[in-house]
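# Examination of the molecular architecture
The residues making up each chain are set out below.
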Amino acid sequence: MIDIKTVRNNPEVLKKALENRHAKFDIDGFLALDEKRRGLLVEVEQLKNKQNTNSKLIPQYKKEGKDVSALMEEMKALSDAIKELDAKVNAIDEEIEKIVYTIPNIPNETVPVGASDSDNLEMRRWEEPRKFEFEPKAHWDIGESLGILDFSTAGKVTGARFTFYKGLGARLERALVNFMLDLHIEKHGYTEVFPPFMVHRNSMVGTGQLPKFEEDAFKVWGTEYFLIPTAEVPVTNMYREQILDLKDLPIKHAAYSACFRAEAGAAGRDTRGLIRQHQFNKVELVKFCLPETSYDELESLTKDAEEVLQLLGLPYRVVKLCTGDLGFSSAMTYDLEVWMPSYNRYVEISSCSNFESFQARRAGIRFRRGPKDKPEFVHTLNGSGVAVGRTTACILETYQQPDGSVKIPEPLIKYMNGIDVIK
RNA sequence: GGAGAGAUGGUCGAGUUGGUUUAAGGCACCGGUCUUGAAAACCGGCGUAGGUGUGAGCCUACCGUGAGUUCGAAUCUCACUCUCUCCGCCA
């Protein structure tokens, strides 16, 4: 969440930010509420002070044998008044909280103002898309004819937007997970984490998925647990309500997880293949760092993700999301979009974001510059490093051959136990 | 799933016949004295959040979480969460 003091002291900044995001929000109403709250707070705290003072007199008077009945009467009145005021303050607090948790982050100044993904800013491209000397097939056709992807059986067993990977398809998916993790752990200096795939409500609030986007998440029936939509949620929340040691920063984690998304509102979109599934695999990169380094960390995190695609030889481009396309919690996001031959366009395969203090404030993740210094919120970042299912799809399409077989990119061959082609 | 024990500031830990405890004390940490330097010793400081004030400061809340009893709760009641021990079951 954003800092309430930002709302108070710089309402214009926030108004502009929300306007750019096309988010409607009554800031003046909020400010009035905040002022009312502070007024009541002063009042009730004075009464509590009186109550505390009197409370010390009672045992003293009793000891001295004085009559305390008048004092007790006063205390009773105080108590009633305090309860009444406390209830008012609590009601306002709840209202304020409800509002503040649904305000999106303020975009960084360099984020282009725009309405939709068509206003995103292309930063760079890597390699040209492959030119096919034959009619390329889509990955769902390749996968089915090779017997390595089975969508209809998944439909029978579970439902739409699920997939069975079989044989070398399953092997390829697993090889990609290991390849990506090894790259980030051994070369890029991330510490591996294997997180729980379910979390409780507070964790979902901490990273910003709740309370606003509950319909996007799967909740486990009979429990208060949610299936994670990304490893970002458990990994970021590892440090919730903690003051981190300065010497440990930046903290860098790489985590594999399955990801579960209800995809509410995506009905009819990307219905074929691996692109939009209710369950998919992802290797996620998460960083915790000092505020002044977070934008450098975003650049390096993005490059870490890019290297996956470069090593696999998958042409891609990097775009900076505009204000209209930016995620709720993010201050700035680079998307990596890989060339998907079947779509004949670039498709998102990684999203690298700097949340600044937005998540840290929600989750209470802080650090101290020196022993005497006040705790400050860290900045959190994360990015896909990268989405595994989409990578599999892209490899099948990009490395397909006229005879229907698929070559395995060189760096994956050792993870495939020497297998260099799926046929 | 059953039985029992527990959860207090960065950490250990006292406080649990409700009220002069304002959450003691140790360790760690920070500053100082001493020392060539360090250690030790001694002195002082040392939680978080919110509010208020130009300021020193003052006030309020917080003892796992949430309700409740009471004029007053770390302390009493209830529910829940988590940890530990034992038993059962299980990959």
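In the block above lies the structure referred to throughout.
A brief structural summary. (Residues numbered from 1 in each chain as written. Chains lettered and ligands numbered in written order. Predicted model: local features only at pLDDT ≥ 70, side-chain atom pairs only at ≥ 80, totals over all residues. Heavy atoms only, no water.)

### Remarks on the pattern of salt bridges
Per the stated rule, a full pass over the model turns up 24 salt bridges. Put simply, Arg8 and Asp34 hold a salt bridge, and the shortest N to O gap is 2.5 Å. With Arg8 in helix 1 (residues 4-9) and Asp34 in helix 3 (residues 27-64), this pair connects stretches of sequence that are 26 residues apart. Judged by relative accessible area, Arg8 falls into the partly exposed class, the value being 28%. For Asp34, a relative accessible area of 2% corresponds to the buried category. Here Lys48 and Asp86 are joined by a salt bridge, their closest N and O atoms 3.4 Å apart. Remark: Asp86 occurs in helix 4 (residues 69-100) and Lys48 occurs in helix 3; sequence separation between them is 38 residues. Under the relative-accessibility criterion, Asp86 is labelled partly exposed at 24%. (Salt bridge = Lys/Arg side-chain N within 4 Å of Asp/Glu carboxyl O. Helix = DSSP H or I, 4+ residues; strand = E, 2+ residues; numbered from the N terminus. Buried < 20%, exposed > 50% of the residue type's maximum accessible area, 1.4 Å probe, protein only.)

### Points about the sheet that holds strand 14 (residues 375-377)
Across the sheet, which stays open at both edges, the 3 strands sit in the order 7-13-14 with mixed pairing between neighbours. The two strands at the open ends of the sheet, each matched to only one other strand, are strand 7 (242-244) and strand 14. Looking at each pair of strands side by side, their axes are set apart by 45 degrees on average, direction ignored. Of the pairings in the sheet, the one linking strand 7 to strand 13 (residues 365-368) comprises 3 bridges and is parallel in character. Across the sheet, residue Leu244 finds its bridge partner in strand 13, namely Phe367. (Pairing = 2+ DSSP bridges. Axes fitted to C-alpha atoms, helices over the stretch in contact; angles between N-to-C directions.)

### Some remarks on the protein's contact with RNA strand B
Close contacts around RNA strand B come from 27 residues, with Arg8, Asn49, Pro59, Ser79 and Arg368 the closest. Backbone atoms, meaning sugar and phosphate, make up 73% of the atoms of RNA strand B lying within 4 Å of the protein. Lys62 places a polar side-chain atom, nitrogen or oxygen, 3.3 Å from a base oxygen of RNA strand B. Arg366 places a side-chain nitrogen or oxygen 3.0 Å from a sugar or linking oxygen of RNA strand B. Those elements that provide at least two residues to the surface near RNA strand B are helix 3, helix 4 and strand 13. No other element matches helix 3, which puts 14 residues into the surface near RNA strand B. Tallied by class, the residues present in the surface near RNA strand B amount to 9 nonpolar, 5 polar and 13 charged. (Near = heavy atom within 4 Å. Polar contact = N/O pair within 3.5 Å; in protein donor to acceptor, adjacent residues only side chain to side chain. Nonpolar A, V, L, I, M, F, W, Y, C, P; charged D, E, K, R; others polar.)

### A look at the side chain of Ser330
Structurally, Ser330 is set in the loop between strand 10 (316-320) and strand 11 (332-340). Among the polar contacts listed, one links the side chain of Ser330 to the side chain of Thr333, at a separation of 2.7 Å. Setting aside residues up to four positions removed in sequence, Ser330 forms contacts with Arg21, Asn105, Ser353, Asn354 and Phe355. (Contact = heavy atoms within 4.5 Å.)

### Examining helix 12 (residues 388-398)
Extensive coverage of helix 12 is indicated by the burial of 11 of its 11 residues. Restricting attention to buried positions, one finds in helix 12 the residues Val388, Gly389, Arg390, Thr391, Thr392, Ala393, Cys394, Ile395, Leu396, Glu397 and Thr398.

### Overview of the environment of Leu85
Here Leu85 is to be found in helix 4. Take Leu85: its relative accessible area is 8%, and that puts it in the buried class. The spacing of Leu85 and Glu43 is 42 residues in sequence and 8.1 Å in space, taken between C-alpha atoms. Contact partners of Leu85, with chain neighbours within four places excluded, come to Leu40, Glu43, Val44 and Leu47.

### Description of the sheet that holds strand 10
Reading across from one edge, 1-10-11-12-15-9-8-4 is the order of the 8 strands in this open sheet, with mixed pairing throughout. The open sheet is flanked by strand 1 (121-126) and strand 4 (191-193), the only strands paired with a single partner. Direction aside, the axes of adjacent strands within the sheet are offset by 25 degrees on average. Both strand 10 and strand 11 contribute to a ladder of 5 bridges, which runs antiparallel. The residue bridging Lys320 from the neighbouring strand is Tyr334, located in strand 11. Against the sheet, helix 10 (residues 294-312) makes contact with strand 1, strand 9 (279-289), strand 10, strand 11, strand 12 (345-356) and strand 15 (379-387), and its axis sits at roughly 5 degrees relative to strand 15, the strand it touches most. Against the sheet, helix 12 touches strand 9, strand 11, strand 12 and strand 15, its axis set at about 30 degrees to strand 11.

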